[in-house]
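Each chain, written out:
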Protein chains: 2
Amino acid sequence: MSESSHSEGITMSGGGVYSLATLGARHVIDAATPLVTDAIHSLPEASLAAGFTLSDMGTADAGTSLTMVAQAIEAARTRRPGIPVTIVYSDQPRNDFNALVANVHGLGPFETYLDRFDDVFPLVSGTSFYARIMPPESVHIGFSATAMHWLSAKICNISNHVQAVGAEGEELAAFRAQAHADWRRILHHRAAELKPGGKLVLINFARDEQGRYLGNTGGVNMFDTFNRIWLDFVAQNRITREEYQNMTLPQYYNTVEEFCAPLQDPDDPVYQAGLRLEHIDTRIVKCPFAESFAEHGDAARFADEYIPTIRTWNESIYYSGLSSARPEAERRQIIEDYYATYRDLVRTAPAGHGMDYVHAYMVISKQA
Amino acid sequence: MSESSHSEGITMSGGGVYSLATLGARHVIDAATPLVTDAIHSLPEASLAAGFTLSDMGTADAGTSLTMVAQAIEAARTRRPGIPVTIVYSDQPRNDFNALVANVHGLGPFETYLDRFDDVFPLVSGTSFYARIMPPESVHIGFSATAMHWLSAKICNISNHVQAVGAEGEELAAFRAQAHADWRRILHHRAAELKPGGKLVLINFARDEQGRYLGNTGGVNMFDTFNRIWLDFVAQNRITREEYQNMTLPQYYNTVEEFCAPLQDPDDPVYQAGLRLEHIDTRIVKCPFAESFAEHGDAARFADEYIPTIRTWNESIYYSGLSSARPEAERRQIIEDYYATYRDLVRTAPAGHGMDYVHAYMVISKQA
């Protein structure tokens, strides 16, 4: 389906593993929760006549946002006691929706707000944020965390790196152009879905004012490590150069300027659709596994905790980069070898490794 | 979760198998589609101002209703060209939602209406029809086919049969009381969800005016066959009597009178909530595999096609009836042996076997 055109092969880990392995992603959402509750408190009174609807886009298995959603329900009920609440969880159609529903309905490892609140209606959508998920003017709060760096398509392979942070020249320009178009497409769809006076709280990976980004905040550059290990695999003929290039991650980290541009240019269709920037700041949430290592000092434990958090989001792309001419077991083995190499590297020299989260926290309003 | 209290262990076959193996279930929905489109044509004009919402409850993997939904969208667009359409698919939280989303988004074996229509928003809910799935007054058409015979809980085991059609005395009375309470609970929740003037089109297994029901329309009684094979397994000590009794299917087939009662009694809370019976009839949709056998005459093929359609809906209950003290492989083997015995029985003496569908087709309106 073209309208749900997340690049094929991208899936977060299923079976509820995503939320368990991504403690940091949950910390990021917890840090953003006051922006959500403030946004709810600022909604026009008239918009809350029939109910309150929050859309959580790119939610994976919904585990990381359960606490945020509970606080959003409380905020809406403060505005209007007993207001019926609809929570719409969405992700691309190959997401693990069974894990998502299990987590929300209390069949997974988490407590669910459904045990605390009546008249809350969780709904799920398999439509990606590159299409319209909800009907026109039906959403009060659109939320998304750590999701919109995934581009709608991989515009090209990157010759000498696995991520656009290492791209140069024409390849970088192509990724940048794709990212700018995708960001506008995301916002334009959201403008249609939002009620007048509704708000977006979007927490996205960013390249901050000091050039820092995910896993690159002064220590070892995580993406360069990804890349170096794969280049070693090429040098050792364990994978081909073509496979390496096919592993290019379809991601881009916008700067603050890039995030703001369509919201501040009166000629931009996004601006003309009524979206306005209310707030943006960048924040770092420390890698919980590196922080924990600083206390316990056990390099093996650090490596064993850190590698799974990386695997949740890049394993499926690396795997799909491998030639389908290889037997599946061989492809699986290469992936295992890759993460084992990375794990050994961290065990041997743990200092500086880690995946600090660098996000832009944005609040965007739709003119009432 | 008490509010989604479908008996544990009940799941339809996953992975898209349900819709492929249940051709008959699709024929039933096709037969009901004119009731849906007529209901849409009768909706109050004012209710269609902001959009149209159809709720498909107990949808399993959504494959059997794709054509009905497409015709519902067309009917709504005839009423109001370009009207945004929301389709809410729901089933109990252990349903295979990955298969459901795949089917709706065109990643499964079926064509999807999403390729034909813009501004259609499919949503999914893991809330069972024994709770409120949608916010108050948000649904135009509530649809359900071949789902509401599943009781909210198994009130007791049946001593000498696997289904209430073979129950007697106090056990029958207990099932009947449970079914009556469940039917009222289902309708009461739907009354809250429906917009004024909205309609329910409910297609449910029934015991018809001549006492016929699923798999019992004049030939071999399917449920008696189920029961006889399990009793043989008890006699052969392949399962215990306790396991046999735990296999009791938590189902009940209402008569027309039982379906109508809460909609015609002015003292009933369902009636008082504004629900009124507009239409009820009973129909038989012939077993497609028995019909096909009448043409091809190949008993082995008939058996191979017929048994899977049964497995889709009763395998999980039989399996969960087996003692957890048995190793899983042993339990699996008993289940395989059971269906193999049934298959051999059909192969040897195919005449009269088959699963004719006996349904009540109801249209219920909520007073405007």
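Residues numbered from 1 in each chain as written. Chains lettered and ligands numbered in written order. Predicted model: local features only at pLDDT ≥ 70, side-chain atom pairs only at ≥ 80, totals over all residues. Heavy atoms only, no water.

Caption draft 1: Structural detail: the relation of the copies chain A and chain B. For these two chains of identical sequence, chain A goes onto chain B by a turn of 180 degrees and a shift of 0.0 Å along the axis, with RMSD 0.0 Å. Taken together, these values place the two copies in the relation of a two-fold axis. If distances are taken from each C-alpha of chain A to the rotation axis, the shortest is found for A:Val124, at 2.4 Å. Both copies contact each other with a shared surface, as 100% of the interface residues of chain A are interface residues in chain B too. (Least-squares fit on C-alpha atoms with pLDDT ≥ 70 in both. Contact = heavy atoms within 4.5 Å.)

Caption draft 2: Examining the environment of B:Pro308 more closely. Position of B:Pro308 among the secondary structure elements: in helix α11 (residues 299–321). As for B:Pro308 and B:Arg241, which are separated by 67 residues in sequence, their C-alpha atoms are 25 Å apart. (Helix = DSSP H or I, 4+ residues; strand = E, 2+ residues; numbered from the N terminus.)

Caption draft 3: Expanded view of the packing of helix α6 (residues 222–235) of chain A against helix α12 (residues 328–348) of chain A. Residue and element names in this part refer to chain A. The interhelical angle for the contact between α6 and α12, taken along N-to-C directions, is 125 degrees, at an axis separation of 11 Å. One finds that α6 runs oblique with respect to α12. Crossing of α6 against α12: the hand is right-handed. On α12, the residues touching Met222, Thr225, Phe226, Arg228, Ile229, Trp230 and Phe233 of α6 are Ile334, Ile335, Asp337, Tyr338, Thr341, Tyr342 and Leu345. Split into classes, the residues belonging to the contact of α6 with α12 amount to 10 nonpolar, two polar and two charged. (Axes fitted to C-alpha atoms, helices over the stretch in contact; angles between N-to-C directions. Parallel < 35°, antiparallel > 145°, perpendicular 65-115°, else oblique. Left-handed = near helix turned anticlockwise from the far one by under 90°. Nonpolar A, V, L, I, M, F, W, Y, C, P; charged D, E, K, R; others polar.)

Caption draft 4: Quick look at the packing of helix α11 (residues 299–321) of chain A against α12(A). Residues and elements named next belong to chain A. Close contact between α11 and α12 brings their axes to 9 Å; oriented N to C, the two are set at 145 degrees. Regarding α11 and α12, the two cross each other, and that crossing is right-handed. Looking at side-chain class alone, the contact of α11 with α12 contains 14 nonpolar, one polar and nine charged residues.

Caption draft 5: Quick peek at helix α2 (residues 23–41) of chain B. All names here are of chain B. With 19 residues, α2 ought to run about 27 Å at 1.5 Å a step, and its terminal C-alpha atoms sit 28 Å apart, in line with that. Residue alanine 32 marks the point of greatest curvature in α2, where the axis turns by about 40 degrees; the proline proline 34 follows within four residues. The set of residues buried in α2 consists of Gly24, Ala25, Val28, Ile29, Ala32, Thr33, Leu35, Val36, Thr37, Ala39 and Ile40. (Expected span 1.5 Å × (residues − 1). Bend = angle between axes of the 7 residues up to and from the residue. Buried < 20%, exposed > 50% of the residue type's maximum accessible area, 1.4 Å probe, protein only.)

Caption draft 6: Looking closely at the pattern of salt bridges. Applying the stated rule across the entire model yields 44 salt bridges over all chains. Across the pair A:Asp208 and A:Arg212 runs a salt bridge, and its minimum N-O distance is 2.8 Å. With a relative accessible area of 25%, A:Arg212 lands in the partly exposed category. The residue B:Asp337 makes a salt bridge to B:Arg238 at a minimum N-O spacing of 3.4 Å. Of this pair, B:Asp337 sits in helix α12 (residues 328–348) while B:Arg238 sits in the loop between α6 (222–235) and α7 (241–246), and the two are 99 residues apart along the sequence. (Salt bridge = Lys/Arg side-chain N within 4 Å of Asp/Glu carboxyl O.)

Caption draft 7: Fine view of the interface of chain A and chain B. With 30 residues of chain A in contact, the opposing surface of chain B contributes 30 residues. Across the chain A to chain B interface the summed buried area is about 2500 Å²; carbon plus sulfur atoms make up 61%. At the junction of chain A with chain B, the criterion picks out two salt bridges. Connecting chain A to chain B are nine residue pairs in polar contact (both at pLDDT 80 or more). Contributing elements (two or more residues each) for the side of chain A that touches chain B: β2 (85–90), α4 (97–104) and β3 (120–125) of chain A. Examining the composition of the side of chain A that touches chain B, we find that five residues originate from one element, β3(A), more than from any other. Split into classes, the residues belonging to the side of chain A that touches chain B amount to 16 nonpolar, eight polar and six charged. (Buried area = accessible area lost by both parts, 1.4 Å probe. Polar contact = N/O pair within 3.5 Å; in protein donor to acceptor, adjacent residues only side chain to side chain.)

Caption draft 8: Just the nonpolar core, in detail. With 167 residues, the main nonpolar core has A:Tyr113, A:Trp230, A:Tyr306, B:Tyr113, B:Trp230 and B:Tyr306 as its most contacted residues. Each residue touching A:Tyr306, except ones within four places of it in the same chain, is listed here: A:Met222, A:Cys287, A:Phe289, A:Tyr342, A:Val346, A:His353, A:Gly354 and A:Met355. Among the nonpolar cores identified, the runner-up in size contains 50 residues, and A:Ile186, B:Val139, B:Val270 and B:Ala360 belong to it. (Core = buried A, V, L, I, M, F, W, Y, C linked by side-chain atoms within 4.5 Å.)

Caption draft 9: Structural view of the domain arrangement of chain A. Residues and elements named next belong to chain A. Domain annotation for chain A reports domain 1 (2–164 + 174–215 + 249–286 + 355–366) and domain 2 (222–243 + 289–348). Averaged C-alpha coordinates put domain 1 and domain 2 at centres separated by 28 Å. A combined buried area of about 1800 Å² lies between domain 1 and domain 2, and 64% of that area is made up of carbon and sulfur atoms. The largest contributions to the domain 1 side of the interface with domain 2 come from Val162, Leu249 and Met355, which together make up 29% of the buried area. In this assembly, domain 1 and domain 2 are joined by zero salt bridges. Here domain 1 is connected to domain 2 by four residue pairs in polar contact (both at pLDDT 80 or more). (Domains from an automatic or database assignment.)

Caption draft 10: Focus on the side chain of A:Thr225. By secondary structure assignment, the location of A:Thr225 is in helix α6. Those residues within four positions of A:Thr225 in sequence are excluded, and the remaining contacts are A:Val220, A:Tyr342, A:Leu345 and A:His353.

Caption draft 11: Up close: the pairing of strand β1 (residues 52–57) of chain A. All names here are of chain A. Where burial is concerned, most of β1 is hidden: six out of the six residues are buried. Residues Phe52, Leu54 and Asp56 point to one face of β1 and Thr53, Ser55 and Met57 to the other, with burial holding for every one of them. Looking at chain direction, β1 and β2 are connected through six bridges and run parallel. Looking across to β2, one finds that aspartate 56 is bridged to tyrosine 89. Handedness of the β-α-β unit built from β1, helix α3 (residues 66–79) and β2 comes out right-handed. (Pairing = 2+ DSSP bridges. Right-handed = clockwise from strand over helix to strand, strands pointing away.)

Caption draft 12: Representation of the pairing of strand β8 (residues 357–366) of chain A in the model. Residues and elements named next belong to chain A. In terms of burial, β8 is a largely internal element, 10 of the 10 residues being buried. Covered by surrounding structure in β8 are Tyr357, His359, Tyr361, Val363 and Ser365 together with Val358, Ala360, Met362, Ile364 and Lys366, the residues of both alternating faces. Examined bridge by bridge, strand β5 (residues 194–207) and β8 share seven bridges and lie antiparallel to one another. Pairing of isoleucine 203 across the sheet is with tyrosine 361, part of β8. Of the strand pairs in this sheet, strand β7 (residues 275–285) and β8 are connected by 10 bridges, and their pairing is antiparallel. By the bridge assignment, isoleucine 284 is partnered in β8 with valine 358.

Caption draft 13: Focus on the confidence of the model for chain A. All names here are of chain A. In the predicted model, chain A carries a mean pLDDT of 94, and 94% of its residues have values of at least 70. This stretch, residues 1–8, has a pLDDT under 50; its non-local contacts, to residues over four places away or in other chains, come to 31 contacts. Among the prediction metrics, the complex's ipTM stands at 0.91, with pTM recorded as 0.93. (pLDDT = per-residue confidence, 0-100.)

Caption draft 14: Seen up close, the packing of aromatic side chains. Applying the stated rule across the entire model yields 42 aromatic pairs over all chains. Ring centres 5.3 Å apart and planes at 80 degrees place the aromatic pair A:Phe223 and A:Phe226 in the edge-to-face group. Taken together, the residues span about one helical turn, with A:Phe223 and A:Phe226 both in helix α6 at a distance of three residues. Take A:Phe223 and A:Phe226: they sit in the same class, and that class is buried. For the ring pair B:Tyr338 and B:Tyr339, a centre distance of 5.2 Å and an interplane angle of 85 degrees mean the geometry is edge-to-face. We note that B:Tyr338, like B:Tyr339, is buried. Above the face of the A:Tyr271 ring, A:Arg276 is positioned so that its terminal group lies 3.4 Å from the ring centre. (Phe/Tyr/Trp six-rings, centres within 6.5 Å; stacked < 30°, edge-to-face > 60°. Lys NZ or Arg CZ within 6 Å of the ring centre and 35° of its normal.)

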